[in-house]
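Coordinate inspection notes
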2 protein chains.
Amino acid sequence: MRPSRPVRRSVHRILLGVCSLVLAAGASPSLGAEKPPPGKTTAQVLEAAKPSDWRPLDPDFTLYLTLPGGRVVIELAPEFAPLHVANIRQLVRQKYFDGLAVVRSQDNYVVQWGDPAAEGSEEGGEKGKPRSLGDAKATLPPEMDRPIARSEKGAKEEPLPFTPLGDGDVYAPEVGFTDGLPVARDVQAGATGRTWLTHCYAMVGVGRGDTADSGSGAELYVVIGHSPRHLDRNVTLVGRVVQGMEVLSTLPRGTGALGFYEDPAEYVPITSIRLGSDLPDPERAHLEVLRTDTQTFRDLIDARRWRREGWFLDPVGHVSLCNVPLPVRPIPTAPQVDSRAQ
Amino acid sequence: MRPSRPVRRSVHRILLGVCSLVLAAGASPSLGAEKPPPGKTTAQVLEAAKPSDWRPLDPDFTLYLTLPGGRVVIELAPEFAPLHVANIRQLVRQKYFDGLAVVRSQDNYVVQWGDPAAEGSEEGGEKGKPRSLGDAKATLPPEMDRPIARSEKGAKEEPLPFTPLGDGDVYAPEVGFTDGLPVARDVQAGATGRTWLTHCYAMVGVGRGDTADSGSGAELYVVIGHSPRHLDRNVTLVGRVVQGMEVLSTLPRGTGALGFYEDPAEYVPITSIRLGSDLPDPERAHLEVLRTDTQTFRDLIDARRWRREGWFLDPVGHVSLCNVPLPVRPIPTAPQVDSRAQ
């Protein structure tokens with residue numbers, strides 16, 4: 001694509017993204033004595049991934065949020081928030097969100113959308129009455145954490161799959177990945193241990209009032225800045241954005257308290273939110289995500305820990321939960337050919 | 001300001017920013033057994049701060065970056081990167097950056113600016129020759145960490161001020177704050193221990209090539225996403241943005257590799273970068289930052305750890321380094337009146 005750029009080439013390597021195709025240079029100069037143990041770079045891990053290391057999004061649990069600036073694809077997490085996910089799917093099927101708006105964009109924090117009329121009005125009601133929730137519920141019990149066991153039946157149940165990060169965490173006894181999501185857990189909590197979703201970049205949560213049961217999913221937010229991990233177990237998380245974060249993260253910031261837009265003219269209208277399974281096939285995104293219960297994903301964690309790309313001078317040797325972005329890609333359209341068989 | 005909004009009022013409390021004026025409710029319902037120890041909320045800490053807890057920005061070490069979308073105020077960190085800061089000040093005084101451009105905006109990572117011509121050209125040179133660095137240096141020794149002692153003279157020197165975070169860290173033996181900046185340190189490293197700036201949101205760093213000494217400050221980046229702490233001690237950091245982050249964080253993302261803008265028409269032109277002391281007084285921002293070597297700042301860390309705002313259900317009890325945003329405010333124009341004396 002681009003011709004080589006002697007100066008910029010190096011600058012290109014300044015900050016390597018997870019999907020960078022820059023390959024590791026052979027030698028890694030080190031400021032300290034430590035060198036990374038043998039292993040792969042992020043690019044090498046992804047190149048070596050087998051087709052079976054990826055899984056497609058389930059269209060029944062994929063949301064498409066369309067804004068004037070583009071489309072955002074959200075994968076829901078029914079294992080962690082079954083009641084909220086069911087309610088959100090109900091709202092989406094009623095086209096509840098269509099014509100509502102992004103009402104808040106707070107720098108280094110969250111973008112949030114819902115019904116502007118649900119917040120009253122500057123001018124005393126000119127925004128009209130809140131939209132009916134129809135057959136959806138207005139409040140739900142919180143789903144801020146759950147048993148580690150597959151069901152509530154107890155310790156003998158098969159546990160949720162869990163790939164440990166292997167490094168520590170400031171907020172939780174243990175962190176890692178379950179079903180493609182960043183999670184924390186406490187094996188000592190309750191009868192069978194508890195696990196919960198964590199507020200990393202791109203996670204989607206449910207706005208609530210002062211009480212635990214005051215959220216419904218009619219108001220949702222997405223993390224657009226540094227991980228606000230203090231919200232873990234204080235809000236119900238329902239999934240994550242897998243594509244289109246830039247559509248949300250570049251929205252103008254609100255100048256009101258907490259980043260709310262002060263003037264309704266600033267609201268960003270929601271064109272629609274649809275469930276993947278309600279869209280004709282050509283309109284779906286056809287994405288697949290890297291499975292987190294694989295050796296490939298364990299290799300990815302290792303690659304993110306050691307940063308074997310040649311540009312790094314000081315071996316890192318550590319990785320925090322929210323610094324392992326979860327790979328997403330278009331489903332390859334051509335049949336996968338194993339080159340080793342040729 | 002705004003009338004009370006029965007539904008939105010609670011939503012307002014969903015996610016409390018550092019400067020929120022929401023006061024703590026008396027009782028904090030708890031999902032667990034633990035309750036926060038007595039203490040202040042963030043708002044209460046800032047309300048109780050004395051004028052002497054704040055210090056004004058030093059105009060000799062404050063940069064004003066003006067883009068079409070607004071102005072960004074950067075506080076330089078000469079204690080941590082004296083050579084780079086001196087070189088950047090030299091470049092700024094030569095008006096080196098005026099007319100150059102933001103060339104990169106990578107989602108959840110960095111915005112970066114410099115000389116587009118320094119990277120060559122798609123079309124074979126039409127961007128022209130790189131701009132001369134004039135009296136500034138083209139390369140500098142890295143300043144990725146430094147002794148904890150005030151000078152290089154050794155252990156008997158007075159150490160840099162350090163306010164420990166008090167919680168752990170995934171990347172470094174110890175973290176905290178020095179001179180208003182998030183830092184890490186290792187008291188066992190070298191003769192007197194080493195300390196370094198960390199890649200939290202809004203930190204400003206120096207682009208470099210593959211070798212440690214290949215940066216000059218002519219290419220700078222700002223962290224706009226989750227903290228890329230793996231870059232600590234791999235790049236020289238030179239300061240932090242204290243106002244105007246939203247001007248950078250909302251720039252359209254580049255669609256090229258690593259978020260570079262592919263089409264020069266996408267570049268965001270730099271109107272100017274000026275040193276505060278070179279601006280007439282009315283054009284300066286007149287900001288002050290909360291001193292980090294104060295009891296007030298220790299109280300702020302405690303407030304951010306325990307989140308005593310009534311909205312929180314599960315006491316947090318932990319705080320990570322990059323989740324303590326450093327307070328900035330306009331210098332009060334009226335004389336400070338101590339209400340207790342009235």
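Each chain carries its own residue numbering, running from 1 in the direction its sequence is written. Throughout, the order in which chains and ligands are written sets their labels, letters from A for the former and numbers from 1 for the latter. With the structure being a predicted model, the display of local features is reserved for residues of pLDDT at least 70 and the display and counting of side-chain atom pairs for 80 or more, all residues being used for whole-chain, interface and lining totals. Where side-chain values are given, they derive from all heavy atoms of the structure, hydrogens and water being excluded.

Quick look at the overall build of chain A
Scanning chain A from N- to C-terminus turns up five helices and 17 strands. Partly exposed describes any residue whose relative accessible area lies between the buried limit of under 20% and the exposed limit of over 50%, with all areas from a 1.4 Å probe on protein chains only and scaled to the type maximum. Every one of the 342 residues in chain A was classed for burial, and the buried ones make up 57%. Contact criterion: two residues are considered in contact whenever any of their non-hydrogen atoms come within 4.5 Å of each other. The long-range fraction of contacts in chain A, counting pairs at least 24 apart against all pairs at least 6 apart in sequence, stands at 70%. Strands here mean DSSP runs of E at least two residues long; helices mean DSSP runs of H or I at least four residues long; both are numbered from the N terminus.

Thoughts on the state of the cysteines
All names here are of chain A. In what follows, a disulfide is any cysteine sulfur pair within 2.5 Å. Summed over all chains, the structure comprises two disulfides over all chains. Here cysteine 200 pairs with cysteine 322 through a disulfide, and the sulfurs are 2.0 Å apart. Every disulfide takes its handedness from the sign of the S-S torsion; for cysteine 200 and cysteine 322 that torsion is -75°, giving left-handed. Taken together, the residues span a long stretch of sequence, with cysteine 200 in the loop between β10 (194-197) and β11 (203-206) and cysteine 322 in the loop between α5 (295-306) and β17 (328-330) at a distance of 122 residues. An identical accessibility class is assigned to cysteine 200 and cysteine 322; each is buried.

A word on helix α3 (residues 82-93) of chain A
Quick reminder: α-helices carry 3.6 residues per turn. Residues three or four places apart thus point the same way. Residue and element names in this part refer to chain A. Compared with an ideal rise of 1.5 Å per residue, which puts twelve residues at 16 Å, α3 spans 16 Å between its outermost C-alpha atoms and is within 8% of the ideal. Along α3, the residues that are buried comprise His84, Val85, Asn87, Ile88, Arg89, Leu91 and Val92. Next to the buried residues of α3 lie β2 (62-67), β3 (70-76), β11, β12 (220-223), β13 (237-243) and β15 (272-275). Lysine 95 sits one or two residues past α3 and shows a positive phi near 60°. Expected helix span is computed as 1.5 Å times (number of residues minus one).

Here's the deal with the pattern of salt bridges
A side chain with one charge may pair with a side chain of the opposite charge, provided their charged atoms come close. All names here are of chain B. Any Lys or Arg side-chain nitrogen found within 4 Å of a carboxyl oxygen on Asp or Glu counts as a salt bridge. By the definition in use, this model includes 34 salt bridges over all chains. Put simply, aspartate 98 and arginine 274 hold a salt bridge, and the shortest N to O gap is 2.8 Å. One end of the pair, aspartate 98, is in the loop between α3 (82-93) and β4 (101-105); the other, arginine 274, is in strand β15 (residues 272-275), and 176 residues separate them in sequence. Considered together, aspartate 98 and arginine 274 belong to a single accessibility category, that of buried residues. Here arginine 329 makes a salt bridge to glutamate 288, at a shortest N to O gap of 2.7 Å.

Points about the confidence of the model for chain A
The predicted coordinates of low-pLDDT regions are not to be read in fine detail. Residue and element names in this part refer to chain A. A residue's pLDDT is the predictor's confidence in that residue, given on a scale from 0 to 100. Averaged over every residue, the pLDDT of chain A is 87; the share at 70 or more is 83%. pLDDT under 50 marks residues 1-33. Its contacts with residues more than four places away, or in other chains, come to 86 contacts. Note on the complex model: pTM 0.88, ipTM 0.88.

Side note on the pairing of strand β8 (residues 174-178) of chain B
All names here are of chain B. For β8, the buried fraction is high: four of the five residues fall into the buried class. As paired elements, β8 and strand β9 (residues 181-186) share five bridges and run antiparallel to each other. Of the residues in β9, the one forming a bridge with threonine 178 is leucine 181. Should DSSP find at least two bridges between two strands, the strands are regarded as paired.

Regarding the packing of aromatic side chains
By convention, a stacked pair of Phe, Tyr or Trp rings (six-membered ring in the case of Trp) has centres within 6.5 Å and planes under 30 degrees apart, an edge-to-face pair has planes over 60 apart, and any other such pair is tilted. Evaluation of the coordinates by the stated rule reveals six aromatic pairs over all chains. Considering the side-chain rings of tyrosine 96 of chain A and phenylalanine 97 of chain A, the 5.1 Å spacing of their centres and the 80° angle between planes classify their relative orientation as edge-to-face. Taking 4.9 Å as the distance between ring centres and 75° as the angle between the ring planes, the aromatic pair formed by phenylalanine 177 of chain B and phenylalanine 297 of chain B counts as edge-to-face. Linking phenylalanine 177 of chain B in strand β8 with phenylalanine 297 of chain B in helix α5 (residues 295-306), this pair joins segments that are 120 residues apart in sequence. The buried category is assigned to phenylalanine 177 of chain B, whose relative accessible area is 0%.

Concerning the environment of leucine 248 of chain A
Residues and elements named next belong to chain A. Checked against the element boundaries, leucine 248 lands in helix α4 (residues 245-249). Leucine 248 sits in the buried class, given a relative accessible area of 0%. Counting along the chain gives 85 residues from leucine 248 to threonine 163, while the straight-line C-alpha distance between them is 29 Å.

Observations concerning the environment of leucine 76 of chain B
Residues and elements named next belong to chain B. Structurally, leucine 76 is set in strand β3 (residues 70-76). Along the sequence, leucine 76 and proline 59 sit 17 residues apart, while their C-alpha atoms lie 9.9 Å from each other. If we ignore the near neighbours within four places in the chain, the residues touching leucine 76 are Phe61, Leu63, Val85, Arg89, Val238 and Gly239.

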